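Secondary and tertiary structure notes
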Amino acid sequence: MAANKINNIALKTSKEEEYIDKARLAAIQDAQRKANKLAVGFGEEILGLWEIRYLDQRPVQPVMMRMNADPSYDVAESYQQGQVTIRDKSK
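On a predicted model such as this, the values are computed, not experimentally measured, just so you know. (Residues numbered from 1 in each chain as written. Predicted model: local features only at pLDDT ≥ 70, side-chain atom pairs only at ≥ 80, totals over all residues. Heavy atoms only, no water.)

Focus: the overall build of the protein chain
Along the backbone of the protein chain there are two helices and two strands. Here the protein chain, with 91 residues, has 3% of them falling under the buried criterion. By element, 54% of the accessible surface of the protein chain is carried by carbon and sulfur atoms, the whole surface being about 9,400 Å². (Helix = DSSP H or I, 4+ residues; strand = E, 2+ residues; numbered from the N terminus. Buried < 20%, exposed > 50% of the residue type's maximum accessible area, 1.4 Å probe, protein only. Areas by Shrake-Rupley, 256 points an atom, 1.4 Å probe, with all protein chains shown as cover.)

Some details on helix H1 (residues 16–41)
Here H1 contains 26 residues, and its C-alpha end-to-end distance of 37 Å stays within 8% of the 38 Å for a straight helix at 1.5 Å per residue. Remark: Gly 43 follows H1 within two positions and exhibits a positive phi of approximately 70°. (Expected span 1.5 Å × (residues − 1).)

Remarks on the environment of Arg 53
By the secondary structure assignment, Arg 53 is in the loop between H1 and strand E1 (54–55). Residue class for Arg 53 comes out partly exposed when judged on its relative accessible area of 48%. There is a polar contact of 2.6 Å between the side chain of Arg 53 and the side chain of Glu 51. (Polar contact = N/O pair within 3.5 Å; in protein donor to acceptor, adjacent residues only side chain to side chain.)

In structure tokens form, the structure reads like this:
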């Protein structure tokens, strides 16, 4: 029996939670910098936290592509090394 179809491939890392925490902290620091610059621009200062909206973006669904059904199809030519991107978004 030959396999000619592969479904539900998931690229993951064993450090996913660590990377999510780092991305979240970087996003918080970026938001603080932006908020302070905006406040200074308006002649004000940030005295406390007003509101947080958090949108969890996991899991990311892969994009499905249709494969060529030609018998001369070379699997080695179809593989493209990818990159795993972990994002965390708050609004």
